[in-house]
Amino acid sequence: MFNKMKKLLSLGAVVASTAVLLTGCGGGSQQAASSGSGAAQEISGKISASGSTALLPLLKPAQEAFQEKYEKVTVNVAGGGSFTGMNQVAEGAVQIGNSDVNLPDEYKDKGLVDHKVVVEPFVFIVDKDNKVDNLTKQQAIDILTGKITNWKEVGGADQKITLIHRAKSSGSRATISDVVLKGAAFTDDAVIQDSNGAVRAAIASTPGSIGYVDAPYADDSVKILKFDGVEYSPQNIIDGKYPIYGYGHMYTKGEPTGAVKAFIDYILSDEFQNSQVEKLGFIPVSKMKK
């Protein structure tokens, strides 16, 4: 009887030990799975983007902040113009095409997905010695189309007007064409520059010149003109008083995933939109009145 009880107790101990071992193994597997899941969610890789130079003052700080947040991600952001960005993302040369324009019809079968990230204000600028402070819409049209060629025709000095602006691949040019010219053609008598920064620098050093830039580029080296008597300010855009603006788009080929999605999500996040966008000279999309 004693031997039988001893065997039963020994068997019970073996079963209990086995149960403990199995429980321990199960916990270890769950922890490993959890750890593996965390590793899978870790953001890493390289992101390539090109296109709009108007968006660079927004994207460069976003790039730096995002890379600090995700140390295993490298973001490369280049200019080239809005249409260049759309071409390159459509062809798969980059992962993000930055643009100041809505997707044109010729790109609508390319599988591009639009991410509208910010409001981009534009301003007309002249050299600081120019005495003109305001242009009516018609005066601006006449200058851009070459009908007005001397500043004395709009209340300024007897001085030739030199138009300095962007190439046809530029979204900034497309925005001015759409909002101001309404289908009229730019004059061919103009100096063409490849970026907003280059336009600003050329105007700052060229007496009698005029052009347009994304508002964040308009620093103390140039003079900003009123448009139809309205001074540029973010609030005037929000209130519908100042009409020269567009939207900044980040186009991807198909829905973004991984690091690309995380980067776009970061730019659209409250963290970035509420703390950085206005400081950088742009307007959050959420502030525009419907």
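Help me understand the pairing of strand E11 (residues 245-253), please; the structure alone is not making it clear to me.
Across a regular strand the side chains alternate sides, sitting on one face of the sheet and then on the other. By the bridge criterion, three bridges tie strand E3 (residues 96-99) to E11 in an arrangement that is antiparallel. Bridge pairing links Ser-99 to His-249 in E11. With nine bridges connecting them, strand E4 (residues 112-127) and E11 associate as antiparallel partners. Its bridge partner being in E11, His-115 is matched across the sheet by Met-250.

For this particular structure, what's the right way to read the layout of surface pockets?
Where empty space is left can be seen by rolling a probe of water-molecule size over the atoms. For the largest pocket, the calculated volume is near 250 Å³. The wall of the largest pocket is formed by Asp-100, Val-101, Asn-102, Lys-116, Ala-174, Thr-175, Asp-178, Val-179, Tyr-245, Gly-246, Tyr-247 and His-249. Counting only elements with at least two residues in the lining of the largest pocket, the list comes to helix H5 (171-181) and E11. Split into classes, the residues belonging to the lining of the largest pocket amount to five nonpolar, four polar and three charged.

I keep staring at unusual backbone geometry and nothing clicks. Help me out?
Note on backbone geometry: most residues besides glycine have negative phi, and most peptide bonds are trans. Phi at Lys-182 takes a positive value of approximately 50°, unusual for a residue other than glycine. Here Lys-182 is to be found in the loop between H5 and strand E7 (191-193). Classification of Lys-182 by relative accessible area gives exposed; the value is 59%. Its identity as a non-glycine residue notwithstanding, Asp-228 has a phi of 55°, on the positive side. Mapped onto the secondary structure, Asp-228 falls in the loop between strand E10 (226-227) and helix H7 (234-238). Exposure remark for Asp-228: the relative accessible area of 45% places this residue in the partly exposed category.

Parameters at a glance
- Residues numbered from 1 in each chain as written.
- Predicted model: local features only at pLDDT ≥ 70, side-chain atom pairs only at ≥ 80, totals over all residues.
- Heavy atoms only, no water.
- Pairing = 2+ DSSP bridges.
- Helix = DSSP H or I, 4+ residues; strand = E, 2+ residues; numbered from the N terminus.
- 1 Å grid on protein atoms, 1.4 Å probe; cavity = no way out; pocket = protein on both sides within 12 Å on 5 of 7 lines; lining within 4 Å.
- Points joined across faces, edges and corners; volume = space filled by probe spheres on them.
- Nonpolar A, V, L, I, M, F, W, Y, C, P; charged D, E, K, R; others polar.
- Buried < 20%, exposed > 50% of the residue type's maximum accessible area, 1.4 Å probe, protein only.

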